[in-house]
Amino acid sequence: LLENYVRDSRQLSTGTLLASVGANIRFTLPTAWSAFTGGTTVMVGAKERTLMQDSARMIHHALPRSRYVEAPNAAHDIPFTRPDLLAEEIRLQLAAW
């Protein structure tokens, strides 16, 4: 589906892209995050930018019951470069339910 993703991404207007980036930059964890009792995995690519790695660690530390996974040989493209690892993490979460 990579071709569809690239095609659709190219159709974003500059305003939509800037709004999306701005929303991501302003993101803060909800205050209730640390009270979440469900299972969750925080994944980040080993080749990801430092800002994203720091953010993933912060999210994980704010919920110590979470699982932290660093995807080798991946950046912000884990579903494309490490679908095997992503699928395994999803299987683990589903099995825990």
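Residues numbered from 1 in each chain as written. Predicted model: local features only at pLDDT ≥ 70, side-chain atom pairs only at ≥ 80, totals over all residues. Heavy atoms only, no water.

Draft legend 1. Focus on the packing of aromatic side chains. With the rule as written, the count across this model stands at two aromatic pairs. Residues Tyr5 and Phe80 carry aromatic rings whose centres are separated by 5.9 Å and whose planes lie at 55° to one another, so their mutual orientation is tilted. In this pair, Tyr5 sits in helix α1 (residues 2–10) while Phe80 sits in helix α4 (residues 78–81), placing the two residues 75 residues apart along the sequence. A relative accessible area of 46% places Phe80 in the partly exposed class. With 5.9 Å between their ring centres and 5° between their planes, Trp33 and Phe36 make a pair best called stacked. (Phe/Tyr/Trp six-rings, centres within 6.5 Å; stacked < 30°, edge-to-face > 60°. Helix = DSSP H or I, 4+ residues; strand = E, 2+ residues; numbered from the N terminus. Buried < 20%, exposed > 50% of the residue type's maximum accessible area, 1.4 Å probe, protein only.)

Draft legend 2. Seen up close, the side chain of Gln93. With respect to the helices and strands, the residue Gln93 is situated in helix α5 (residues 83–96). Not counting the four nearest positions on each side in its chain, Gln93 is found in contact with Gly39, Thr40 and Thr41. (Contact = heavy atoms within 4.5 Å.)

Draft legend 3. Representation of the pairing of strand β1 (residues 41–45). Relative to strand β2 (residues 67–71), β1 is paired through five bridges, and the arrangement is parallel. Note that in β2 the partner of Val44 across the bridge is Glu70. Taking the sense of rotation as the criterion, the β-α-β connection linking β1, helix α3 (residues 50–62) and β2 turns out right-handed. (Pairing = 2+ DSSP bridges. Right-handed = clockwise from strand over helix to strand, strands pointing away.)

Draft legend 4. Layout of α5. The terminal C-alpha atoms of α5, which comprises 14 residues, lie 20 Å apart, in line with the 20 Å expected from a rise of 1.5 Å per residue. Where the residues of α5 are buried, they touch β1 and β2. (Expected span 1.5 Å × (residues − 1).)

Draft legend 5. Seen up close, the environment of Thr81. By the secondary structure assignment, Thr81 is in helix α4. Measuring from C-alpha to C-alpha, the distance between Thr81 and Ser55 comes to 21 Å, with 26 residues separating the pair along the chain. Here Thr81 is in contact with Asn73 and Ala74, once residues within four sequence places are set aside.

Draft legend 6. Focus on the pattern of salt bridges. Per the counting criterion, the structure on display carries five salt bridges. Note that Glu88 and Arg91 form a salt bridge whose closest N and O atoms lie 3.5 Å from each other. Of the two residues, Glu88 and Arg91 both sit in helix α5, three residues apart, roughly one turn of that helix. Arg91 gets classed as exposed once you look at its relative accessible area, which sits at 52%. (Salt bridge = Lys/Arg side-chain N within 4 Å of Asp/Glu carboxyl O.)

Interpretation in functional terms is not warranted from these geometric data alone.
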